[in-house]
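Here is what each chain is made of, one letter per residue.
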Amino acid sequence: MDCKLRAKNCGGCPMLGMDYAAQLKQKEETVKKLLGRFGPVEHIRGMETPYHYRNKVISTFTTGWGGKLTSGIYAANSHKVLPVESCLLQDEVLDKTMLAVRAAAGTCHYQPFNEDKGTGLLRHCLLRRGVMTGQVMVVLVTAQPVLPGARNFVKALLTEAGKQGVAITTIVQNVNDRKTSVVLGDMEKVLYGKGFILDELCGKTYALSPRSFYQINHTQTEVLYGLAVDAAHLTGKEVVLDAYCGIGTIGLTAADHAKQVVGVELNRDAVHDAIGNAKHNGVKNARFFAADATRWIGEAAAAGERADVIFMDPPREGSTPQFIESVARMAPKRVVYVSCNPVTLARDLELLTRKGYKVESSTPVDMFPHSEHIEVVCSMVRVKKH
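Residues numbered from 1 in each chain as written. Predicted model: local features only at pLDDT ≥ 70, side-chain atom pairs only at ≥ 80, totals over all residues. Heavy atoms only, no water.

Draft legend 1. Looking closely at the overall build of the protein chain. Broken down by element type, the protein chain carries ten helices and 16 strands. What you see for the protein chain is a C-alpha radius of gyration of 22 Å, in line with the 21 Å of a compact globule of 386 residues. Residues classed as buried in the protein chain amount to 53% of the 386 residues present. If you take every contact in the protein chain between residues at least 6 apart in sequence, the share linking residues at least 24 apart comes to 67%. Only carbon and sulfur atoms are counted for the fraction: they give 51% of the accessible area of the protein chain, which is about 17800 Å². Averaging the positions of the 47 positive and the 39 negative side-chain charges in the protein chain gives two centres separated by 2 Å. (Helix = DSSP H or I, 4+ residues; strand = E, 2+ residues; numbered from the N terminus. Rg over C-alpha atoms; globule rule 2.2 N^0.38 Å. Buried < 20%, exposed > 50% of the residue type's maximum accessible area, 1.4 Å probe, protein only. Contact = heavy atoms within 4.5 Å. Areas by Shrake-Rupley, 256 points an atom, 1.4 Å probe, with all protein chains shown as cover. Lys, Arg positive; Asp, Glu negative; His and termini not counted. Charge placed at Lys NZ, Arg CZ, Asp CG, Glu CD.)

Written as structure tokens, this is what we have:
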């Protein structure tokens with residue numbers, strides 16, 4: 001199916017038919033309406049080539065014409081799978097990799113999992129590619145622990161990928177036997193390679209496992225993090241708190257310019273990755289803790305601990321009043337808020353400005369061209385004590 005026609009059904013890129021310059025203008029105006037009252041909104045940072053930027057792909061298996069195994073994405077607001085051969089947003093190497101996965105699975109006579117009947121084997125396939133390293137990961141999500149003829153599948157997949165000109169770095173089987181819409185299960189088995197790939201971002205190297213959170217647009221992530229670190233005005237003397245730190249990407253990017261970095265993240269797997277990433281990059285001035293960010297900063301502020309700069313990178317729901325209250329108690333000189341939802345950012349800025357912070361600037365970044373999502377880097381400075 002043609003990508004532009006399918007876009008109307010899949011919902012993945014609702015702005016695909018709109019001129020890219022018009023998309024950027026619309027997104028910038030949206031941010032100005034939401035955040036303009038707090039301070040100046042800079043011009044949005046768009047992409048030079050806004051296609052094939054997704055370095056992570058999730059495909060769902062289903063039965064196609066003639067009972068043939070195929071895969072694709074869910075149609076908007078439904079559980080119907082739309083077959084996908086290629087996508088204008090996905091990394092072209094991953095499109096080719098998915099074709100190889102389907103061919104290898106067909107050779108092994110694997111059947112797609114049927115949620116209603118509880119029959120079949122294959123649920124999803126998650127693919128990752130290190131943009132700078134070229135390394136490719138294949139994660140085959142199955143409904144049961146046993147993958148019949150696993151060695152034959154690996155051999156067939158490597159052969160089919162080679163036909164597509166793709167060199168696969170690692171292959172992992174993930175077992176998800178639960179009745180859930182969540183893609184990955186808790187059990188994993190490495191079938192080929194080391195079970196992770198490497199990529200480079202902002203001068204640092206990161207190990208990416210199947211569960212690692214990693215921004216899907218490498219080019220714009222470097223823009224986003226560059227803006228965030230610039231907004232912190234670091235001199236090498238500051239103690240930096242990286243809240244909602246994930247695998248440590250923002251904190252480790254800032255570490256070269258700070259005295260010390262402390263990262264806090266609820267997801268223990270992510271914290272494990274962050275600690276490993278710090279060691280791998282020889283960063284000795286960064287520590288990471290597995291804890292709820294709101295609770296951790298509240299206890300730290302109550303204990304009299306201080307940070308000069310706080311990076312906030314919360315999920316789409318934004319931060320919490322309790323977290324913002326603790327930020328005010330800790331009284332950093334600067335707060336840099338990296339937001340993936342300008343609506344919840346506006347809500348949180350209402351509280352932060354009441355607590356003595358002034359917005360210096362807000363810069364939109366188009367991380368997801370052709371979608372309606374907008375990222376914003378908001379730079380704040382403390383102007384009065386809470």
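Having seen the model, we can carry on.
Draft legend 2. Main features of the pattern of salt bridges. Summed over the entire model, instances satisfying the criterion amount to eleven salt bridges. Of the charged contacts, one joins arginine 37 and glutamate 350 as a salt bridge, the two residues approaching to 2.8 Å between their closest N and O atoms. Of this pair, arginine 37 sits in the loop between α2 (20-35) and β1 (56-63) while glutamate 350 sits in helix α10 (residues 342-354), placing them 313 residues apart in sequence. For glutamate 85, the salt bridge is made with arginine 102, and the minimal N-O distance between the two is 2.7 Å. Note that glutamate 85 is positioned in the loop between β3 (81-83) and α3 (92-107) and arginine 102 in helix α3, a separation of 17 residues in sequence. (Salt bridge = Lys/Arg side-chain N within 4 Å of Asp/Glu carboxyl O.)

Draft legend 3. Just unusual backbone geometry, in detail. Its identity is not glycine, yet cysteine 202 carries a phi of approximately 55°, on the positive side. Relative accessible area serves as the criterion here: at 23%, cysteine 202 is assigned to the partly exposed category. Positioned with a positive phi, alanine 331 is a non-glycine residue whose angle comes to about 55°. For alanine 331, the position within the fold is in the loop between α9 (321-330) and β14 (334-339).

Draft legend 4. Seen up close, the side chain of glutamine 173. Counting through the fold element by element, glutamine 173 comes out in strand β6 (residues 170-175). Residue classification places glutamine 173 among the buried positions, given a relative accessible area of 1%. A polar contact is formed between the side chain of glutamine 173 and the side chain of threonine 142, at a distance of 3.0 Å. There is a polar contact of 3.0 Å between the side chain of glutamine 173 and the backbone oxygen of proline 145. Those residues in contact with glutamine 173, other than ones at most four positions away along the chain, are Leu140, Thr142, Gln144, Pro145, Val146, Leu147, Met187, Glu188, Lys189 and Leu191. (Polar contact = N/O pair within 3.5 Å; in protein donor to acceptor, adjacent residues only side chain to side chain.)

Draft legend 5. Broad picture of the nonpolar core. One finds Phe288 and Phe311 to be the most contacted residues of the largest nonpolar core, which totals 55 residues. Ranked by the residues each element gives to this core, the list is headed by helix α5 (residues 218-232), at seven residues. Setting aside residues no more than four positions away along its own chain, phenylalanine 288 makes contact with Cys245, Gly248, Leu252, Gly263, Val271, Ala274, Ile275 and Ala278. By size, the runner-up hydrophobic cluster in this structure holds 34 residues, among which are Ala293, Val327, Tyr337 and Leu345. (Core = buried A, V, L, I, M, F, W, Y, C linked by side-chain atoms within 4.5 Å.)

Draft legend 6. Expanded view of the environment of leucine 82. Note that leucine 82 resides in strand β3. Classification of leucine 82 by relative accessible area gives buried; the value is 8%. For the pair formed by leucine 82 and serine 209, sequence separation is 127 residues and the distance between their alpha carbons is 27 Å.

Draft legend 7. Geometry of the pairing of strand β13 (residues 309-312). Neither face of β13 is open: one carries Val309 and Phe311, the other Ile310 and Met312, and all of them are buried. As defined by bridge partners, β13 adjoins β14 across four bridges and the pair is classed as parallel. Within the sheet, the bridge partner assigned to phenylalanine 311 lies in β14 and is valine 336. Taken together, β13, α9 and β14 constitute a β-α-β crossover, and its handedness is right-handed. (Pairing = 2+ DSSP bridges. Right-handed = clockwise from strand over helix to strand, strands pointing away.)

Draft legend 8. Main features of the environment of leucine 69. Looking at the secondary structure, you find leucine 69 in strand β2 (residues 69-74). When the C-alpha atoms of leucine 69 and leucine 252 are compared, they prove to be 43 Å apart, with 183 residues separating the residues in sequence. Beyond its immediate stretch of four places on either side in the chain, leucine 69 contacts Phe61, Thr62, Arg102, Ala105, Gly106, Tyr110, Pro112 and Leu122.

Draft legend 9. Just the sheet that holds strand β4 (residues 122-129), in detail. The mixed open sheet is built from seven strands, whose spatial order is β3-β2-β1-β4-β5-β6-β7. Edge positions in the sheet fall to β3 and β7 (187-192), since each has one partner strand and no second. Averaged over neighbouring strand pairs, the angle between their axes works out to 35° when direction is ignored. Bridging between strand β5 (residues 136-142) and β6 involves six bridges; their strand directions are parallel. When the sheet's bridge partners are listed, valine 138 is paired in β6 with isoleucine 171. Here α3 sits on the sheet and contacts β1, β2, β4 and β5; the angle it forms with β4, its principal contact strand, is near 145°. (Axes fitted to C-alpha atoms, helices over the stretch in contact; angles between N-to-C directions.)

Draft legend 10. Broad picture of the state of the cysteines. Scanning the model with the defined rule gives zero disulfides in all. Cysteine cysteine 245 remains unbridged, with the sulfur of cysteine 340 as its closest cysteine sulfur at 15 Å. Given the relative accessible area of 18%, cysteine 340 is considered buried. (Disulfide = S-S within 2.5 Å.)

Keep in mind these numbers describe shape, not what the thing actually does.
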